[in-house]
Amino acid sequence: MARARGRQTWDEAGLGVLELVATTVIVAVLLGLSLTHWNGYRAQQRLRYGTAQLATDLRQAQERAKMERRQYTVTLTAGSRAYQITSADGAFVENATLPDGVTPTASTTVVFQPFGQPASAYTLTVQNSTGTGTVTVTLRGGITYATP
């Protein structure tokens, strides 16, 4: 039996239901894998940003202590994203917050004496689901940080 030109049956028309389901499953799996990877990447970036932010705020407190010739403290609480930068006389108070999911591993108060000299050496560790970052304050007043 001859078929008319230009007309196709359902089987010849294109994708069947099985092919369409298989394509949908493959796309869903690829999207799921990329979303998991993306969430891990975002968490790691938040940890890097939080570590750098803490180092910057410590430098700010140190510079204020130098400039104003008064003691400044940076107070962190373990498990809390919030921390506080204050002058000894209470004239300056800044409430800062680390990025979502980033918290210090220990409660610590960093003290900068007048002229910016730290009261002692400090190592501050912040963490989230992807690892830890550290901020180090040396006895000479150097402030460095390291992230994963």
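Since this is a predicted model, take the numbers as computed values, not measurements. (Residues numbered from 1 in each chain as written. Predicted model: local features only at pLDDT ≥ 70, side-chain atom pairs only at ≥ 80, totals over all residues. Heavy atoms only, no water.)

1. Describing the packing of aromatic side chains
Working step 1: The tally for this structure, following the rule as stated, stands at 2 aromatic pairs.
Working step 2: Aromatic side chains Y72 and F92 sit 5.9 Å apart centroid to centroid with 55° between the ring planes, which places their arrangement in the tilted category. With a gap of 20 residues between them, Y72 in strand β1 (residues 72-76) and F92 in the loop between β2 (82-87) and β3 (93-97) connect regions that are remote in the sequence. Here Y72 and F92 have matching classes, each one buried.
Working step 3: In this arrangement the basic side chain of R64 is found over the ring face of F92, its NZ or CZ atom lying 3.9 Å from the centre. (Phe/Tyr/Trp six-rings, centres within 6.5 Å; stacked < 30°, edge-to-face > 60°. Helix = DSSP H or I, 4+ residues; strand = E, 2+ residues; numbered from the N terminus. Buried < 20%, exposed > 50% of the residue type's maximum accessible area, 1.4 Å probe, protein only. Lys NZ or Arg CZ within 6 Å of the ring centre and 35° of its normal.)

2. Brief notes about the sheet that holds strand β7 (residues 131-137)
The pairing of strands in a sheet happens through backbone hydrogen bonds and is either parallel or antiparallel.
Working step 1: Read across the sheet, 4 strands follow the order β4-β6-β7-β8 without closing on themselves; strand pairing throughout is antiparallel. Among the strands making up the open sheet, the edge pair consists of β4 (103-104) and β8 (143-146).
Working step 2: As paired strands, β4 and strand β6 (residues 122-128) are joined by 2 bridges and run antiparallel to one another. What sits directly across from T103, in β6, is Q127. (Pairing = 2+ DSSP bridges.)

3. Observations concerning helix α1 (residues 17-68)
Working step 1: Taking 1.5 Å as the rise per residue, α1 with 52 residues should run 76 Å; its terminal C-alpha atoms sit 74 Å apart, in good agreement.
Working step 2: Of the residues trailing α1, R69 is marked for its positive phi of about 60°. (Expected span 1.5 Å × (residues − 1).)

4. Description of a nonpolar patch on the surface
Working step 1: On the surface, V17, V21, V25, I26, V29, L30 and L33 cluster together into a nonpolar patch covering about 670 Å² of accessible area.
Working step 2: Assignment of secondary structure puts L30 in helix α1.
Working step 3: Under the relative-accessibility criterion, L30 is labelled exposed at 54%. (Patch = residues over 30% accessible without salt bridge, like charges linked within 9 Å, V, L, I, M, F, W, Y side chains within 5 Å. Areas by Shrake-Rupley, 256 points an atom, 1.4 Å probe, with all protein chains shown as cover. Salt bridge = Lys/Arg side-chain N within 4 Å of Asp/Glu carboxyl O.)

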